[in-house]
Amino acid sequence: MRTRCSVNTFITLSGPHPTYLVTANDPRNNNKAAITVAWGTPISVNPPLFGVVISPNKVSHTIIKEAGVFTVNILSIDEIDEIWWAGSHTGRQYENKIKSAGLTAVPGKTDKNATSVIEAMASFECKLKNMIPVGNHTLFIGEVVSAEANEEYFDLEKGKWIPEKARLIFHHVNDVFVTSGEREIVHE
Ligand SMILES: Cc1cc2nc3c(=O)[nH]c(=O)nc-3n(C[C@H](O)[C@H](O)[C@H](O)COP(=O)(O)O)c2cc1C
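Residues numbered from 1 in each chain as written. Predicted model: local features only at pLDDT ≥ 70, side-chain atom pairs only at ≥ 80, totals over all residues.

A. Up close: helix α2 (residues 59-67). Looking only at α2, the buried set comprises S60, I63, I64 and A67. Burial along α2 is one-sided: seen end-on, the buried residues are contained in an arc of 95 degrees. Looking one or two residues beyond α2, the residue adopting positive phi is G68, at roughly 75 degrees. (Buried ≥ 20, exposed ≤ 12 C-beta atoms within 10 Å, placed from the backbone. Helix = DSSP H or I, 4+ residues; strand = E, 2+ residues; numbered from the N terminus. Arc of directions from axis to C-beta.)

See below:
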């Protein structure tokens, strides 16, 4: 029997959500933004658009707006401590939040304000195209201008994650996460 639950349960019901580390350089002072984001989604193939939903009271909100670019980093469940740290500490107190999170910043590919983390299994860079206020958050829409993946985890030929290697992070609720499994279900 299904039991009625609070409307706000929709967030957990619609998950677990793939969870990323979104990064950027602040052009005003070269500070680095790093925010854990569970609300992110592809929006369009042509042009290639990706959206991340960020609360206006996050430092990353200001930095990404100033940078005009953001990078989506896909980390493994092995980096759950770093992801949790970045998702529970504000960059206001840290010039280089990437380093403070225990990760290593590397320059982006297409823009001086873009930065990635070397520990990521894959990352893609997005040029900020639009910021749309939605309820109490802002939808940042970026055009994907560059993407790279570590072949240890991602099969470039088949264009897919290697399930026994890439243990992706999905946020479930509060401090509960799940990871991707080794067994693939291939629809005949
Ligand atoms: C698993 C997880 C997922 C999160 N997802 C989002 C999100 O999608 N959007 C958002 O604005 N904040 C999200 N947060 C909260 C921010 O990551 C957190 O407030 C962070 O400290 C903000 O950092 P900043 O102030 O340096 O930008 C999430 C936190 C965690 C732990």
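Let us keep going from here.
B. Geometry of the site of the ligand. Near the ligand there are 21 residues, and of these W39, K58, S60, G87 and G91 occur at the shortest range. Mapped by element, the contributors of at least two residues to the shell around the ligand are β3 (32-37), β5 (49-54) and α2. No other element matches β3, which puts four residues into the shell around the ligand. (Near = placed C-beta within 6 Å.)

C. Local environment of the pairing of strand β10 (residues 137-149). Of the pairings in the sheet, the one linking β5 to β10 comprises six bridges and is antiparallel in character. Pairing of V52 across the sheet is with F140, part of β10. Counted along the chain from strand β9 (residues 122-134) to the antiparallel partner β10, the turn is two residues long, and its residue G135 has a positive phi close to 55 degrees. (Pairing = 2+ DSSP bridges.)

D. Structural context of the sheet that holds strand β1 (residues 17-18). In space, the three strands of this open sheet follow the order β1-β13-β14, with antiparallel pairing throughout. The sheet terminates laterally at β1 and β14 (176-179), the two strands that pair on one side only. Where strand β13 (residues 169-173) lies against β14, four bridges are found, and the strand directions are antiparallel. Across the sheet, residue V173 finds its bridge partner in β14, namely V176.

E. Up close: the sheet that holds β3. Spatially, seven strands are ordered β3-β2-β6-β9-β10-β5-β4 in an open sheet, and the strand pairing comes out antiparallel. Of all strands in the sheet, those bounded by a partner on one side alone are β3 and β4 (40-44). This sheet shows a mean twist of 35 degrees between the axes of neighbouring strands, independent of strand direction. (Axes fitted to C-alpha atoms, helices over the stretch in contact; angles between N-to-C directions.)

F. Quick peek at the pairing of β5. Judged from the four bridges that link them, β4 and β5 form a sheet pairing that is antiparallel. Paired with G40 across the bridge in β5 is V52. In this antiparallel pair of consecutive strands, β4 and β5, the connection spans four residues.

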